[in-house]
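# Residue-level structure breakdown
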Amino acid sequence: MNNETLKNVNLVEAINMALNYAMSHDESIVMLGEDIGKNGGVFRATDGLQEKFGFTRIMDTPLAETSIAGAAVGMAVAGLKPIAEIQFMGFIYATLEHIICHAARMRNRTRGRLTCPMVLRAPYGGGIHAPEHHSESTEAIFAHIPGLRVVIPSSPARAYGLLLAAIENPDPVIFLEPKRLYRSEVHEVNDNGQPLPLDRCFTLREGEELTLISWGACIKECLAVVDQMNAEPGSHDRIELIDLASIKPIDFATISDSIKKTGRCVIVHEAAKTCGVGAEIAAYIAEHLMAYCKSPVKRVTGFDTVMPYFRNEQHYLISELDIKAAINTSLNTRF
Amino acid sequence: MRYFKLPDLGEGLIEAEIVEWHVKAGDQVATDQLMLAVETAKAIVEIPSPQMGIIEHTFGEIGDTVHIGEPLVEYQGENDSVSVVGNLSAQPLADKAPETVVDRFSVGVKVSSIAAIQVSPSVRGLAGRLGVDVGQVKGTGEGGRISSDDIEKAARMNQRHGNSEKLTGVRKSMAKVMVKSHQQVVPVTLFADVPLAREPNDMTVTVAKAIAFACAKEPALNVWFDGDKLSRRLLNFVDLGIAVDTEQGLFVPVLRQVQERSEDDLKAGLAALKDAVITRNIPPAELTGATIILSNYGSLNPYCRYGTPIVVPPMVAIVGIGAIYSIKDGEKILPISLTFDHRCVTGGEASRFIGYIAEQLN
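It should be emphasised that the depicted structure is a prediction, and the values quoted were computed from it without experimental measurement. (Residues numbered from 1 in each chain as written. Chains lettered and ligands numbered in written order. Predicted model: local features only at pLDDT ≥ 70, side-chain atom pairs only at ≥ 80, totals over all residues.)

## Focus: the overall build of chain A
If you tally the helices and strands in chain A, you get twelve helices and 14 strands. A separation of at least 24 residues holds for 81% of the contacts in chain A among residues at least 6 apart in sequence. (Helix = DSSP H or I, 4+ residues; strand = E, 2+ residues; numbered from the N terminus. Contact = placed C-beta atoms within 7 Å.)

Here it is, written out as structure tokens:
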């Protein structure tokens, strides 16, 4: 199965492939979480893994997120490489004590003597008509904590490569999976065990006039808008689309290169606006790139409210029209 | 009877609770029309009809739990035993199964080769109010940033001397070619006063033939030289670039195969080229591929004698001719200036080259 290019792989299958590859090649990797073993995970991310690797490496846990995180920190410090799954991001807050107070600062606290090589996986974001606590996009909470890496893939191939990189990394990585994309698109994925670089963003489309930065499930709408706008008759490639992918640390070198070229920036994220990751990017641009900007940075984000339940979520989620309107405003504004 | 059964909803879910019926027995439904909403442990899923038809019967009331494979709807129709229609995708919201799309991505972005202009928003506003094009202003601030002083200075210059004009077309390409030459070529210019046996009626054509003769005798000046790889290509034909002055700028159309053509033929060819340049009908192919250049600046002004013409890579030589003048015994003198690229051509070769030209002219 290894080193094989598989067609029609969706994002959750790519996660499963990466987990399978990593566990096959590193015996110190263990997984723990709710329903990840016998059941194979609510989204089937760990389907078939317990049968293959046994219940000592794929561990079903009680419904106790605090214990999952605490056990993972202990395992990581003691020499294992735990991959803990939190079933939905809405349940992740119970882990914060262990993640913030221990995992994130283990290296610093012990002056580098101990590290905490763990991955905390969780599906995040809305768009699947879910009840409360099942649609959260609170990546900024983790991005604010020194000592944590936060990674969000937006395609099957990037999910595969980034998850392998997260597992290889010697420090704690919060790996958030956009569950709206779990099954929405299928791509070719090469099961070759090749990690993608962490701490870098990815350029999905090249353009000259505006830099569009997004991550996670919003990439889907951004791609649709960019492909449409870049293909307009008589138009050249106008919009450059960057998938941030690494939410912490942010690849500001790439963002700088792009903005020096385009002079305009629109940031799209599903999370609420205030203190969102988009604010960090906008602040960086204000500090370092203001003189290159031809128009103000624009943000297209979720509202500063609790993510609504399924009946109203379409009013909360960002549409292609929202993105297009922001792009047009930016292109038609000059300082 | 045809039945529609609760399809596999994915995510490992095996049952769902009916939340709402949108249709009832006797309704006509279209393909993809939503028939009912069910709630799984994780989500509300709207279930569309996989076919058009009239509903004979619906199974289950609001609040009932149905399991995968249990019938939800029976359609009116022919008796084809108990069949299942429809195959819902595992994705709750998907209307159709996704197609494999090509996933293109790269790490990092292409850096623009055009230097980005740095102007703060307030200075940009000032430039707009003063009518200054920021693209025409050189920034003197930190890292080349354009300051408000730079804009005000540019505005004062514009006020006093008018706006500056961007080079376009041939003048712009001349600027680029000359800069490239200046960066690469190591030029040396030799000046020669060549006595003429008689004054020819078409100086350009006569000198063109003399150059072809000199190229045959001293081929080191009729070459294409690659300065990066340090290799030269000795050429056995002479395609002579002729510098032509126009209002728009400098054109250098190419007179082909000078070594084998008669003077009359060359004269006609030259006239045709000049005409094509002036009427702007010259095809780009006629402006490329020269092996050596002749510039007859003497024809423009009777006082111009010498110059230091610029060699254009990959060529290694250019011949300039000034206005003919007489010395005291009435002898006619043609002043020649030859610039050669000393990376590829020796002074001896260049000197002999002029000698061969002189030999032809006197």
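## Overview of the overall build of chain B
Within chain B one finds six helices and 21 strands. Expressed as a percentage of its 362 residues, the buried residues of chain B come to 28%. Taking contacts inside chain B between residues at least 6 apart in sequence as the whole, the part at least 24 apart equals 63%. (Buried ≥ 20, exposed ≤ 12 C-beta atoms within 10 Å, placed from the backbone.)

## As for the sheet that holds strand 9 (residues 202-205) of chain A
Taken in spatial order, the six strands make up an open sheet running 14(A)-13(A)-10(A)-11(A)-9(A)-10(B), and their pairing is mixed. Both outer strands of the open sheet, strand 14 (298-302) of chain A together with strand 10 (106-107) of chain B, are each paired with one neighbouring strand and no more. Here strand 9 of chain A runs beside strand 10 of chain B; their pairing, made up of two bridges, is antiparallel. Across the sheet, residue Thr203 of chain A finds its bridge partner in strand 10 of chain B, namely Ser106 of chain B. Contacting strand 9, strand 10 (210-214), strand 11 (239-243) and strand 13 (265-272) of chain A, helix 8 (residues 218-230) of chain A runs over the sheet at an angle of about 160° to strand 11 of chain A. Strands in contact with helix 12 (residues 320-331) of chain A are strand 10, strand 11, strand 13 and strand 14 of chain A; relative to strand 14 of chain A, the strand with the most contacts, it is inclined by about 165°. (Pairing = 2+ DSSP bridges. Axes fitted to C-alpha atoms, helices over the stretch in contact; angles between N-to-C directions.)

## Describing the nonpolar core
One recurring pattern in soluble globular proteins is that nonpolar side chains are buried together. Of all hydrophobic cores here, the largest spans 118 residues; its most connected members are Ala14, Ala18, Leu120, Leu163, Leu212 and Cys222 of chain A. With ten residues, the single largest contributor to this core is helix 1 (residues 11-25) of chain A. Sequence-distant contacts of Leu120 of chain A, that is, excluding residues within four places in its chain, are made with Ala69, Ala84, Ile86, Thr95, Ile99, Ile174 and Phe175 of chain A. With 45 residues, the next largest nonpolar core counts Cys215, Val258, Leu266 and Ile318 of chain B among its residues. (Core = buried A, V, L, I, M, F, W, Y, C linked by C-beta atoms within 7 Å.)

## Section: helix 3 (residues 65-77) of chain A
Residues and elements named next belong to chain A. Compared with an ideal rise of 1.5 Å per residue, which puts 13 residues at 18 Å, helix 3 spans 18 Å between its outermost C-alpha atoms and is within 8% of the ideal. Those residues of helix 3 lying buried are Glu65, Ile68, Ala69, Ala72, Val73, Met75 and Ala76. Down the axis of helix 3, the sector holding all buried residues measures 165°, keeping them to one side. Looking at the buried positions of helix 3, the neighbouring elements they touch are strand 2 (29-33), strand 4 (81-85), helix 4 (96-103) and strand 5 (119-124). The positive-phi residue at the C-terminal boundary of helix 3 is Gly79, with phi of around 115°. (Expected span 1.5 Å × (residues − 1). Arc of directions from axis to C-beta.)

## Thoughts on the pairing of strand 19 (residues 317-321) of chain B
Residues and elements named next belong to chain B. Among the five residues that make up strand 19, five are buried, leaving the element largely enclosed by the rest of the structure. Burial of the side chains of strand 19 extends over both faces: Ala317, Val319 and Ile321 are buried on one face and Ile318 and Gly320 on the other. Taken together, the five bridges between strand 19 and strand 21 (residues 332-341) define a ladder with antiparallel strand orientation. Bridge pairing links Ala317 to Phe340 in strand 21.

## Description of the interface of chain B and chain A
Quite often, the size of an interface is put as the accessible area lost when its parts meet. Chain B puts 33 residues into the contact, and the matching count from chain A is 38 residues. Its residues assigned to classes, the side of chain B that touches chain A shows 16 nonpolar, ten polar and seven charged. (Nonpolar A, V, L, I, M, F, W, Y, C, P; charged D, E, K, R; others polar.)

## Some details on the packing of helix 9 (residues 252-262) of chain A against helix 10 (residues 277-289) of chain A
All names here are of chain A. Here helix 9 crosses helix 10 at 60°, and the two axes come no closer than 11 Å. Two packed elements cross with a definite hand, and for helix 9 against helix 10 that hand is right-handed. Here helix 9 contributes Phe252, Ile255, Ser256 and Ile259 to the contact with helix 10, which in turn contributes Ile281, Tyr284, Ile285, His288 and Leu289. Residues that form the contact of helix 9 with helix 10 fall into these classes: seven nonpolar, two polar and no charged. (Left-handed = near helix turned anticlockwise from the far one by under 90°.)

## Quick notes on the confidence of the model for chain B
All names here are of chain B. Considering every residue of chain B, the mean pLDDT works out to 87; 92% of them sit at 70 or more. Considering only residues more than four positions removed or in separate chains, one finds that residues 85-96, a stretch of pLDDT under 50, has 29 contacts. Confidence metrics for the complex model read pTM 0.69 and ipTM 0.78. (pLDDT = per-residue confidence, 0-100.)

## Comments concerning the environment of Ser164 of chain B
Position of Ser164 of chain B relative to the elements: it lies in the loop between helix 2 (148-161) and helix 3 (169-184). Considering only alpha carbons, one finds Ser164 of chain B and Gln136 of chain B, 28 residues apart in sequence, at a separation of 8.0 Å.

## Description of helix 8 of chain A
Taking 1.5 Å per residue, 13 residues should reach 18 Å; helix 8 of chain A reaches 18 Å between its end C-alpha atoms and fits that length. Structurally, helix 8 of chain A contributes buried residues whose contacts are with strand 9, strand 10, strand 11, strand 13 and helix 12 of chain A.

## A closer look at the pairing of strand 12 (residues 223-226) of chain B
Residue and element names in this part refer to chain B. Burial of strand 12 is one-sided: the residues Val223 and Phe225 facing one way are buried, the residues Trp224 and Asp226 facing the other way are not. Of the pairings in the sheet, the one linking strand 12 to strand 13 (residues 231-234) comprises four bridges and is antiparallel in character. Looking across to strand 13, one finds that Trp224 is bridged to Arg233. Connecting strand 12 to the antiparallel partner strand 13 that follows it, the hairpin turn spans four residues, and Leu230 within it adopts a positive phi of roughly 55°.

## Thoughts on the environment of Leu241 of chain A
All names here are of chain A. Looking at the element boundaries, Leu241 is found in strand 11. Sequence spacing of Leu241 and Ser258 is 17 residues, and the spatial spacing of their C-alpha atoms is 9.6 Å. Residue contacts for Leu241: discarding those within four places in its chain leaves Leu204, Arg205, Leu212, Cys222, Leu223 and Val226.

## Describing the packing of helix 3 of chain A against helix 4 of chain A
Residues and elements named next belong to chain A. Closest axis-to-axis distance for the helix 3/helix 4 pair is 8 Å, and the angle between their directions is 25°. Between helix 3 and helix 4, the angle is such that the two are roughly parallel. The residues of helix 4 that touch helix 3, namely those facing Thr66, Ala69, Gly70 and Val73, are Glu97, His98, Ile99, His102 and Ala103. Of the residues contributing to the contact of helix 3 with helix 4, the split by class is four nonpolar, four polar and one charged. (Parallel < 35°, antiparallel > 145°, perpendicular 65-115°, else oblique.)

## Structural notes on the sheet that holds strand 7 (residues 65-67) of chain B
Residues and elements named next belong to chain B. Strands sit in the order 5-4-2-7 across an open sheet of four strands; the sheet is antiparallel. Of all strands in the sheet, those bounded by a partner on one side alone are strand 5 (44-48) and strand 7. Strand-to-strand, the axes of this sheet are offset by a mean angle of 40°, without reference to chain direction. Looking at chain direction, strand 4 (residues 34-39) and strand 5 are connected through five bridges and run antiparallel. Bridge pairing links Glu39 to Ile44 in strand 5.

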